[in-house]
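Inside the fold
Here is what each chain is made of, one letter per residue.
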Amino acid sequence: MAGATPKAERPVMATDHIRYDLLVQDAFRGIFRKVLIDAAQHGLPGEHHFYITFKTGAPGVVMSDRLRAEYPEQMTIILQHQFWDLRVHESGFEVGLSFRRVPEKLEIPFAAVTGFFDPSVNFGAEFTAEDPDAARAEGEADKTPVLAAVPAAEPVADKPAEK
């Protein structure tokens, strides 16, 4: 056919030297950090609550030997009605929760967090682990045990849970 333009070939994707995927993760980690700061200062508004999944073996994670033995790879905590001493730092956060009526303090670097979800508004983000051991376990996200923390207003192990 005279004058016909040849069908354009699909362009080959260039190498992403900017690493947009990492920039997006950093932006979502910033949102996560800002939301935690607000929760630490003002509590959780309305029905908001957070599911936070993290790699328990990641560098900087501080938790009891009891919890680490039960969740050697990763764990999901739920911050909902009651928790205490939520403190947010530049590189991570710490929070007090009660697990099976035993008070625990967790320290979690943002680099160890692999997921954040607020089911009240159906908002969440998944993150790539930033350490080699956590990256190896990345494909096991579907197997993450969810441990619903039932925190008490104060860290008292023998106080019955409030309804």
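Just so we're clear, the structure is a prediction, and the values are computed from it rather than from any experiment.

This part covers the sheet that holds strand 6 (residues 113-118). Strand order in the open sheet formed by four strands is 2-1-6-7, and the pairing between neighbours is antiparallel. In this open sheet, the two strands that pair with only one neighbour each are strand 2 (74-79) and strand 7 (123-126). Within this sheet the neighbouring strands show an average axis-to-axis angle of 15 degrees, counted without direction. Of the pairings in the sheet, the one linking strand 6 to strand 7 comprises four bridges and is antiparallel in character. If you follow aspartate 118 over to strand 7, its bridge partner there is phenylalanine 123. Set on the sheet, helix 1 (residues 20-42) makes contact with strand 1 (50-55), strand 2, strand 6 and strand 7; between it and strand 1 the angle comes to about 125 degrees.

Here we take up the pairing of strand 6. The buried fraction of strand 6 is high, at five of six residues. In terms of strand pairing, strand 1 meets strand 6 through four bridges, oriented antiparallel. Bridged to threonine 53 within strand 6 is glycine 115. Where strand 6 folds back on strand 7, the antiparallel hairpin that results is connected by four residues, among which asparagine 122 adopts a positive phi of roughly 55 degrees.

Here is a general trend for soluble globular proteins: nonpolar side chains tend to be buried in one another's company. In terms of nonpolar packing, the biggest core is built from 29 residues, with Leu36, Ile52, Ile77 and Phe93 touching the most fellow members. Elements with a minimum of two residues in this core: helix 1, strand 1, strand 2, strand 3 (84-88), strand 4 (92-99), strand 5 (102-109) and strand 6. Per-element accounting of this core gives the leading share, four residues, to strand 4. With near-sequence residues (within four places) excluded, isoleucine 52 lies in contact with Phe32, Leu36, Met75, Thr76, Ile77, Leu79, Phe93, Val113, Gly115 and Phe116.

With antiparallel pairing, the three strands of this open sheet are ordered in space as 3-4-5. Taken across any chain shown, the strands that pair with only one partner, and hence form the sheet edges, are strand 3 and strand 5. Going from strand to strand, the sheet's axes swing by 20 degrees on average, the running direction of each strand aside. Where strand 4 meets strand 5, eight bridges bridge the pair, whose relative direction is antiparallel. Bridging across to strand 5, serine 98 finds its partner in proline 103. Across the sheet, helix 1 touches strand 3 and strand 4, and the angle it forms with strand 3 is around 140 degrees.

One non-glycine residue, arginine 100, adopts positive backbone phi at about 50 degrees. Along the chain, arginine 100 turns up in the loop between strand 4 and strand 5. For arginine 101, which is not a glycine, the phi torsion comes out positive at approximately 65 degrees. Here arginine 101 lies in the loop between strand 4 and strand 5.

What counts as what
- Residues numbered from 1 in each chain as written.
- Predicted model: local features only at pLDDT ≥ 70, side-chain atom pairs only at ≥ 80, totals over all residues.
- Heavy atoms only, no water.
- Pairing = 2+ DSSP bridges.
- Helix = DSSP H or I, 4+ residues; strand = E, 2+ residues; numbered from the N terminus.
- Axes fitted to C-alpha atoms, helices over the stretch in contact; angles between N-to-C directions.
- Contact = heavy atoms within 4.5 Å.
- Buried < 20%, exposed > 50% of the residue type's maximum accessible area, 1.4 Å probe, protein only.
- Core = buried A, V, L, I, M, F, W, Y, C linked by side-chain atoms within 4.5 Å.

Geometric descriptors of this kind do not, in isolation, establish any biological role.
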